[in-house]
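Analysis of the macromolecular model
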Amino acid sequence: MSIKDKNIVLIVSGGIAAYKACALTSTLTKWGARVHVILTESAQKFVSSTTFHGLSRNPVYDDLFTEQVPHQIAHIDLADQADLVIVAPATANIMAKMASGIADDLATTTLLATTAPVWVAPAMNVNMYDHPTVRENLDKLKTIGYRLLDPEEGTLACGWVGKGRMVEPEVIAEEAAAHFVPRPSSPYLKGKKLLVTAGPTQEKMDPVRYFTNRSSGKMGYAIAEAAAQQGADVTLISGPTALGAPRGVETIYVTSAQEMYQEVIERFEETDVVIKTAAVADYRPKTVSEQKIKKAEGEWTVTFVRNPDILQELGKRKTHQLLVGFAAETEHLQDFAMQKLEKKQLDMIVANNVAAPDAGFSVDTNRVTFIYKGGASKDLELMSKQKVAEALCEELDILLKSRASK
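Residues numbered from 1 in each chain as written. Predicted model: local features only at pLDDT ≥ 70, side-chain atom pairs only at ≥ 80, totals over all residues. Heavy atoms only, no water.

**Remarks on unusual backbone geometry**
In this structure, Pro 89 follows Ala 88 across a cis peptide bond, with omega equal to 0 degrees. Position of Pro 89 among the secondary structure elements: in strand β3 (residues 84-90). Of note in the backbone geometry, Asp 5 takes a positive phi value of approximately 70 degrees without being a glycine. Mapping Asp 5 onto the fold places it in the segment before β1 (7-12). The exposure class assigned to Asp 5 is partly exposed, which follows from its relative accessible area of 40%. Phi is positive for Arg 57, close to 60 degrees, though the residue is something other than glycine. Tracing the backbone through its elements, the reader meets Arg 57 in the loop between α2 (49-56) and α3 (74-81). (Helix = DSSP H or I, 4+ residues; strand = E, 2+ residues; numbered from the N terminus. Buried < 20%, exposed > 50% of the residue type's maximum accessible area, 1.4 Å probe, protein only.)

This is the structure:
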């Protein structure tokens, strides 16, 4: 495995999700990585150095002024030897320090001294995560170049339900392993122009209200990045999300279904492949109020009109393009997906059950089925969305080569 013998510095800060760092250490170590754990002072209130020493079989660092190895300056040595630094869990406190350049303990001094990639896995109460200061710090960390591993939605330890649960250790480990996979010397999508849509749309009703859906954009963003890594010229058209723009991808931001329709149609003719993962609203309010609609007695009825069906329009217009759609269903997955593939003249459709707790919207994993014209299908096991994206890119390569040989 490509992660074997890589030096991974794992910084554990003080939150209830610190127990997940134990599982992450165990998995990375089993896969052959050398895991060097740094515990902040508050992390030691939740987990012990003894636990991490047993799991990593390496010294555990928990004090800036106590050197585990003679003649070694720990924070410099760890910073220099790191192939990857992961902060998991990352509390609001340590992220504020990182964003401000504060270096007052072993963890923060190591972060400032390293030139290795730094990944950050936030974990906190949903209201803390949505606080303007925390959001500002997250944006600053992205600007610095740190990679954020977005937290998941669900029931939090504090009892609240919402976004703030640390991404699962298995997902982080998979992402770390993928990070060290050598890039092909001859990327198989080189020279191809791909158009990917992602995220939800927002259909405005008045200056403060809109209709939307739960799409996070994670699947589309993963596909855009994976295709770019394989040499494709990728344009991503994204609805509103909390995600940073994928590396090496031209990203265009839109809000409504009509805006997305216009951007896609404008670029369609020169595109080789369209992958439409966006959860576009089927309907929009018939009228939009210029002022906030005030509540009144009784019921409130909103009249909707149909939005343009982007995928169906592309199916009518396509000439040389390869057209791939997504079917997010809650029942009769295979039947509904096949109907959509035929109706919209797709070359392939990716179907997934969004009612499953470990797949679909917001989470970092997915379980999908590739369905092709003619009815053939391929089921994929549960895996990270990044892995699904890589598998889809491989399928695109097969479909493109098959078409070229005819």
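**Considerations on the sheet that holds strand β2 (residues 34-39)**
Strand order in the open sheet formed by five strands is β2-β1-β3-β4-β5, and the pairing between neighbours is parallel. Strands with a single pairing partner mark the edges of an open sheet, and in this sheet they are β2 and β5 (147-148). For β1 and β3, the ladder comprises four bridges, and the chain directions are parallel. When the sheet's bridge partners are listed, Leu 10 is paired in β3 with Ile 86. Sitting on the sheet, helix α4 (residues 92-100) touches β1, β3 and β4 (118-122), and the angle it makes with β3 is about 135 degrees. Against the sheet, helix α5 (residues 106-113) makes contact with β1, β2, β3 and β4, and its axis sits at roughly 130 degrees relative to β2, the strand it touches most. (Pairing = 2+ DSSP bridges. Contact = heavy atoms within 4.5 Å. Axes fitted to C-alpha atoms, helices over the stretch in contact; angles between N-to-C directions.)

**Brief notes about the packing of aromatic side chains**
Scanning the model with the defined rule gives one aromatic pair in all. Ring geometry for Phe 211 versus Phe 304: centroids 4.9 Å apart, planes at 75 degrees, classification edge-to-face. Taken as a pair, Phe 211 in strand β10 (residues 209-211) and Phe 304 in strand β15 (residues 304-306) lie far apart in primary sequence, 93 residues in all. Judged by its relative accessible area of 33%, Phe 211 falls in the partly exposed class. Here the basic side chain of Arg 135 rests over the ring of Tyr 129, its NZ or CZ set 4.5 Å away from the ring centre. When the ring centre of Tyr 283 is taken as reference, the NZ or CZ atom of Arg 306 above it lies at 5.4 Å. (Phe/Tyr/Trp six-rings, centres within 6.5 Å; stacked < 30°, edge-to-face > 60°. Lys NZ or Arg CZ within 6 Å of the ring centre and 35° of its normal.)

**Considering the side chain of Glu 329**
With respect to the helices and strands, Glu 329 occurs in strand β16 (residues 322-329). Of the side chains bearing the opposite charge, Lys 340 lies closest to the buried Glu 329, which forms no salt bridge; the N-O distance is 6.0 Å. Beyond its immediate chain neighbours, meaning those up to four positions away, Glu 329 contacts Phe 336, Asn 352, Asn 353, Val 354 and Ala 355. (Lys, Arg positive; Asp, Glu negative; His and termini not counted. Salt bridge = Lys/Arg side-chain N within 4 Å of Asp/Glu carboxyl O.)

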